[in-house]
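Descriptive structure summary
The primary structure of each chain is shown beneath.
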Amino acid sequence: MNGNKALKTAIAQNKGGVGKTTITVNVAVALANRGYQVLVVDLDAQCNATNHISLMPAVELAYSIADFFDDYKRFEPNLAILQDQQTRFENISLLPSSKRIGDAARNLQRNSPIPNEILSRILSRIEDSYDFILVDCPPEIETLTFNALVAVNNFILPAQGQYSIEGFEKILDAMDSLDRINPELKILCPVLNFFKKNQLADKNMKEQLEDEFATVVLENRVIHPEIVLIPQSAVFEQAAITKMSIYDLAPSKSPAVEAIQRIVDLLEQQYQQQQAA
C-alpha cells in the first residue's frame, strides 16, 4: 500500500475509434515507468484494455468488474483484480472487463437506487493501494460512463475526426447532470489523437478544438485547456498488435512518446497537488 489517495482519471468520449484505450495503456505504462502503482479499470465490453494488459485473454478470466457491479458490497476485490505479476507490465494492476458488463450495467439501472455511484463505492475500497487509477470508458455516454465520471477526479477527452468533436456536447451535458454528485469533476485536457499536421482537415479540427476550449462555458471545467496533439504513428498500432507499449518500440524522443509524456506530466502535477492538499 502506498498510504496515499489515488488520483483517479477517466478516458471518456461519446465515440469509438478515438484512441481511448491507446491513451489508457500507454499513459499507464509511462506512470508505471516512473515508479507509480497504477490500476487500470476497463469498463468497455470490447475488453481491448483487458486483452492488451492481461497475460490471459478476457474470455479466460474467472472474474471481472461485472462481478463487482453484480454484488459490490460483498464481492472480494482481490478475486477480480489482476496484480502486476498477472499483467504484461510492471507496477500495473488491472480490473478487467468482460462481455457481460453491459448486462451488469442494465441490471444496475433497473435495480439500484444509486446506479451511477457503484464504481465510486468500489474504488473507495481499493484506491489506497494505488497512486493512479485510469478508467477506460465505453464509447457512449450511459451508465458505465456515468459511473466513471462520478468516481474520478478528472477525465481526458480525446478527439479524432469531426464527429468526436461534435460529441463534446454530450460529455458536457453529462458533467452538468452529475454536478450534484461530483461537483469537483474537471477535464484534465483535450487530446487530438492521430494528428496529421500536414492535413488541412486536422488543422481545421485543431482550430475548432482551440475555439471550443477558449469559451467561457469551459473555462472553469478544464485544468489544462491547451490541446495535447498525439501524432499519427504506426508505433501505436504495432504496440496494440504485439501487446506492448510504445516505450518498448519507439525512441524516447519520438513525437509519439513525447505526446504521451505530456499527458503524464499533467497527471503527475495533479497527483502532487492532491498529496500536498
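Residues numbered from 1 in each chain as written. Predicted model: local features only at pLDDT ≥ 70, side-chain atom pairs only at ≥ 80, totals over all residues. Heavy atoms only, no water.

**Focus on the packing of helix 5 (residues 101–111) against helix 7 (residues 143–151)**
Quick note on the threshold: A fitted line through C-alpha atoms serves as each axis, taken over the contacting stretch for helices, and the angle formed by two N-to-C directions is quoted from 0 to 180°. The helix and strand labels rest on DSSP assignments: H or I over at least four residues marks a helix, E over at least two residues marks a strand, and numbering proceeds from the N terminus. Any angle between 65 and 115 degrees counts as roughly perpendicular, while under 35 counts as roughly parallel, over 145 as roughly antiparallel, and the rest as oblique. Should any heavy atoms of two residues lie within 4.5 Å, those residues are counted as being in contact. Throughout, the ten residues Ala, Val, Leu, Ile, Met, Phe, Trp, Tyr, Cys and Pro are labelled nonpolar, Asp, Glu, Lys and Arg are labelled charged, and all others, Gly among them, are labelled polar.
As a packed pair, helix 5 and helix 7 sit with axes 9 Å apart at the nearest point and diverge in direction by 75°. Relative to helix 7, the element helix 5 is oriented roughly perpendicular. Residues Ile 101, Ala 105, Leu 108 and Gln 109 of helix 5 form the contact with helix 7, whose own contacting residues are Thr 143, Leu 144 and Asn 147. Residue composition of the contact of helix 5 with helix 7, grouped by class: four nonpolar, three polar and no charged.

**Some remarks on the packing of aromatic side chains**
We apply this condition: Each pair of aromatic rings taken from Phe, Tyr and Trp, with Trp reduced to its six-membered ring, is defined by centres within 6.5 Å and is described as stacked if the planes are under 30 degrees apart, edge-to-face if over 60, and tilted in the remaining cases. Relative accessible area decides the class of each residue, using a 1.4 Å probe on protein chains only: under 20% of the type maximum gives buried, over 50% gives exposed, and in between gives partly exposed.
A complete count under the given rule lists five aromatic pairs for this structure. With 4.9 Å between their ring centres and 80° between their planes, Tyr 36 and Phe 132 make a pair best called edge-to-face. Note that Tyr 36 is positioned in the loop between helix 1 (20–33) and strand 2 (38–42) and Phe 132 in strand 4 (residues 132–136), a separation of 96 residues in sequence. Judged on exposure class, the residue Tyr 36 and its partner Phe 132 are both buried. Ring centres of Phe 68 and Phe 75 lie 5.1 Å apart, and the angle between their planes is 70°; on these two criteria the pair is classed as edge-to-face. The exposure class of Phe 68 is buried, given its relative accessible area of 0%. Under the relative-accessibility criterion, Phe 75 is labelled buried at 10%. Taken together, the ring pairs in this structure connect Tyr 36, Phe 132 and Tyr 271 into an aromatic cluster.

**Some points on the pattern of salt bridges**
We count it as follows: The salt bridge definition used is simple: a Lys or Arg side-chain nitrogen within 4 Å of an Asp or Glu carboxyl oxygen.
With the rule as written, the count across this model stands at 11 salt bridges. Here the salt bridges do not stand alone but share partners, grouping Arg 34, Asp 265 and Glu 268 into one network.

**Quick look at helix 14 (residues 255–276)**
Selection criterion: Helices are assigned an expected span. That span is 1.5 Å times one less than the residue count.
Look at helix 14: 32 Å from first C-alpha to last across 22 residues, which is about the 32 Å you get at 1.5 Å a residue. For helix 14, the full list of buried residues reads Ala 256, Val 257, Ala 259, Ile 260, Ile 263, Val 264, Leu 266, Leu 267, Glu 268, Gln 270 and Tyr 271.

**Details of the nonpolar core**
The nonpolar side chains of a soluble globular protein tend to be buried, and buried together. Selection rule: What we call a nonpolar core is a set of buried Ala, Val, Leu, Ile, Met, Phe, Trp, Tyr and Cys residues that are connected through their side-chain atoms within 4.5 Å.
Counting 56 residues, the largest nonpolar core has Val 41, Phe 69, Leu 119, Val 135 and Phe 155 as its most contacted members. Broken down by element, this core gets its largest block of residues, six residues, from helix 7. Ignoring any residue separated from it by four or fewer positions in sequence, one finds Phe 69 in contact with Leu 43, Ile 101, Ala 104, Leu 108, Ile 118, Leu 119, Ile 122, Leu 144 and Asn 147. Of all hydrophobic cores here, the second largest spans 41 residues; its members include Ala 28, Tyr 36, Ala 259 and Val 264.

**Let's talk about the packing of helix 1 against helix 14**
Here is the rule: Crossing handedness follows the turn of the near helix against the far one: under a right angle anticlockwise gives a left-handed crossing, and clockwise gives a right-handed one.
The contact between helix 1 and helix 14 brings their axes to 9 Å, and the two run at 65°. Of the two possible hands of crossing, helix 1 and helix 14 adopt the one that is right-handed. Facing helix 1, whose interface residues are Ile 23, Asn 26, Val 27, Ala 30 and Leu 31, helix 14 presents Ile 260, Gln 261, Ile 263, Val 264 and Leu 267. In terms of residue class, the contact of helix 1 with helix 14 is made up of eight nonpolar, two polar and no charged.

**Quick look at the sheet that holds strand 4**
Note the following rule: Pairing between strands requires that DSSP locate at least two bridges from one strand to the other.
Strand order in the open sheet made by the seven strands is 3-2-4-1-5-6-7, with parallel pairing throughout. Every interior strand has two partners, whereas the edge strands, strand 3 (92–95) and strand 7 (228–231), have only one. Strand-to-strand twist in this sheet, taken as the mean axis angle between neighbours without regard to direction, amounts to 25°. Here strand 1 (residues 7–11) runs beside strand 4; their pairing, made up of five bridges, is parallel. Looking at strand 4, one finds that Thr 9 is bridged to Leu 134. Strands strand 1, strand 2 and strand 4 of the sheet are contacted by helix 6 (residues 118–126), whose axis makes an angle of about 155° with strand 2.

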